[in-house]
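# Inside the fold
If you want the building blocks of each chain, they are given just below.
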Amino acid sequence: MSTKRGWIVVAAGIGVNLMLGTLYAWGVISSALIENLGWSATQSQIPYMVACALFAFSMVPGGKLQDSLGPKPVIIISAVLAGIGLISSGLFIMHESTTVAVIALTICFGLIFGASMGMGYAAPTPAAVKWFSKKKRGIISGIVVSGFGLAPLYVAPITTSLIESQGLARTFYFLGGSFCLFILILSQFISNPPKDYVIPEDESPETLSKGDVTAKVSKANIKVDYEWKEVLKTKQFKSIWTIFCFGTFAGLLTIGQLSSIGREQAGITNGFILVGLYAVFNAVGRVGCGVISDKLGRTKTLFLMFVMQVAVYFTFPLFTTPVLLIPGVAVIGFTFGGMLTLFPSITADFFGMKNLGVNYGLVITAWGIGGVLGPLLGGLVRDFTGAYTVSYMVSGVLSVLGAIIALRIKAPVQVIEEDKVVVEEELELISQGQGQGA
């Protein structure tokens, strides 16, 4: 069996993420809630930020199930939850009491659909990267998760059209029914490699050299697959988690209110223009940063992304025309999309492939925390000050801190301490052998 089967998994994974990426089109829905139903900016962000939190935290059990049962059962659960969450949102969205509607949408969209996204997102990427070598983890992760970033490109105009012609309730019915059906179909094409699957020799990252030296080193206890409890104890996990949270805070603050920002700050009345632009560059960033990180390295690529964010966020209040705002949104989309490629790749590189589902689930809880705090701050600042300037400054400061931490992250030493001397001696032999053309 070759990696051709892996490419089928990649394609199906893109499709699942295209369905679940509705979250990134929330700016269109929130704008309709404010304009059509009279919700405040803060109220319109509550279901969204709860969905962000559930998306992240449900990836831990989703990843655990993926590691033990395989991706297919997890994606089927995701499909069912997507249908329930979105259709039930439509049942309550038009309630005459705004308070009741906010609570209902928070439960239906925030909790139920949020869990659907987390379960569905947890399965395709770990399954896909297991079919390929370490040298391709960045690009494969980027391709699979690009579907999530591209989703607003079609969801936003469809949602806008449905809201205008059918109303909010029927819009949720349509999205829930269609997404449930298509995710169920795509789940049948996603699987982990069989236990006896071996990456083709010319791609294999495991072969250090030939002959007895490799055999000796393989007998030493080199730790390449971390259990989740071990991951939590490493300083690398703490650093990765922190900068992921910082980057998510800044990115989701903007995404959740993109239509409103465009209208109020630069006079862009068609919200889809910015949502669609963001989606394109988000997807480009996911694939592009995957390619760049495979060549340049994960942490160096992260540093460059945070530097770009620093430049944009501190100047974002000045983007008061479409000509200025559009490039700013493009940069944010590119860098935020890139993060969603880099962090699963870093997790695989640092902590191994065996438990990637649950280990990345732990890492992406940072996305959930940032996803709650970012939109909440954006909504509160907008309601109290009438603008988003303070939010931009906070995002800029966090990006500075993210860049500093990214420079300091180094891979964990993957050697059990009692065998360290033995392994170091064998690795030295390998190095000498390779230097002589062995």
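Residues numbered from 1 in each chain as written. Predicted model: local features only at pLDDT ≥ 70, side-chain atom pairs only at ≥ 80, totals over all residues. Heavy atoms only, no water.

By the naming in an unreviewed UniProt entry, the protein chain is OFA family MFS transporter, taken from Alkalicella caledoniensis. Listed under Subcellular location (unreviewed entry) in UniProt, the entry text for the protein chain is "Cell membrane". (UniProt positions renumbered as here; feature names shortened; annotations may be inferred.)

## Regarding the side chain of Arg286
On the secondary structure map, Arg286 appears in helix α14 (residues 271-296). Salt bridges are absent for the buried Arg286, whose nearest opposite-charge side chain, Asp294, sits at 15 Å. (Helix = DSSP H or I, 4+ residues; strand = E, 2+ residues; numbered from the N terminus. Buried < 20%, exposed > 50% of the residue type's maximum accessible area, 1.4 Å probe, protein only. Lys, Arg positive; Asp, Glu negative; His and termini not counted. Salt bridge = Lys/Arg side-chain N within 4 Å of Asp/Glu carboxyl O.)

## Some points on a nonpolar patch on the surface
A cluster of nonpolar side chains, namely Ile8, Leu181, Phe182, Ile185 and Phe189, defines an oily patch on the protein surface of about 470 Å² accessible area. Considering every element that reaches the nonpolar patch, the biggest residue donor is helix α9 (residues 168-187), with three residues. Mapped onto the secondary structure, Ile8 falls in helix α1 (residues 4-20). Overall, the relative accessible area of 42% leaves Ile8 in the partly exposed class. (Patch = residues over 30% accessible without salt bridge, like charges linked within 9 Å, V, L, I, M, F, W, Y side chains within 5 Å. Areas by Shrake-Rupley, 256 points an atom, 1.4 Å probe, with all protein chains shown as cover.)

## Describing the pattern of salt bridges
Inspection of the entire model under this criterion finds five salt bridges. The partner of Glu264 in a salt bridge is Arg263, with the nearest N and O atoms 3.9 Å apart. The class of Glu264 is partly exposed, set by a relative accessible area of 39%. In this structure, Asp294 and Arg298 form a salt bridge, with 2.7 Å as the shortest nitrogen-oxygen distance. By relative accessible area, which is 24% here, Asp294 ends up partly exposed. Using a relative accessible area of 10% as the deciding quantity, one classes Arg298 as buried.

## Notes on the packing of aromatic side chains
Taken as a whole and judged by the stated rule, the model has 13 aromatic pairs. Measuring from ring centre to ring centre gives 4.6 Å for Phe55 and Trp367, while their planes differ by 75°; the resulting arrangement is edge-to-face. Of this pair, Phe55 sits in helix α3 (residues 41-57) while Trp367 sits in helix α18 (residues 365-385); the two residues are 312 residues apart in sequence, bridging distant segments of the chain. For Phe55, a relative accessible area of 0% puts it in the buried group. Taking the centre distance of 4.8 Å and the plane angle of 65° together, the rings of Phe316 and Tyr392 count as edge-to-face. Taken together, the residues span a long stretch of sequence, with Phe316 in the loop between α15 (298-315) and α16 (322-351) and Tyr392 in helix α19 (residues 389-408) at a distance of 76 residues. (Phe/Tyr/Trp six-rings, centres within 6.5 Å; stacked < 30°, edge-to-face > 60°.)

## Quick notes on the nonpolar core
In this structure, Leu302, Tyr360, Ile364 and Trp367 are the most contacted members of the largest nonpolar core, which totals 110 residues. Among the elements that take part in this core, α16 stands out by supplying 13 residues, more than any other. Residues from two domains meet in this core; each of domain 1 (1-191) and domain 2 (216-416) gives at least three. Apart from the residues lying within four places of it in its own chain, the contact partners of Tyr360 are Met59, Tyr121, Phe244, Leu340, Phe343, Pro344 and Thr347. (Core = buried A, V, L, I, M, F, W, Y, C linked by side-chain atoms within 4.5 Å. Domains from an automatic or database assignment. Contact = heavy atoms within 4.5 Å.)

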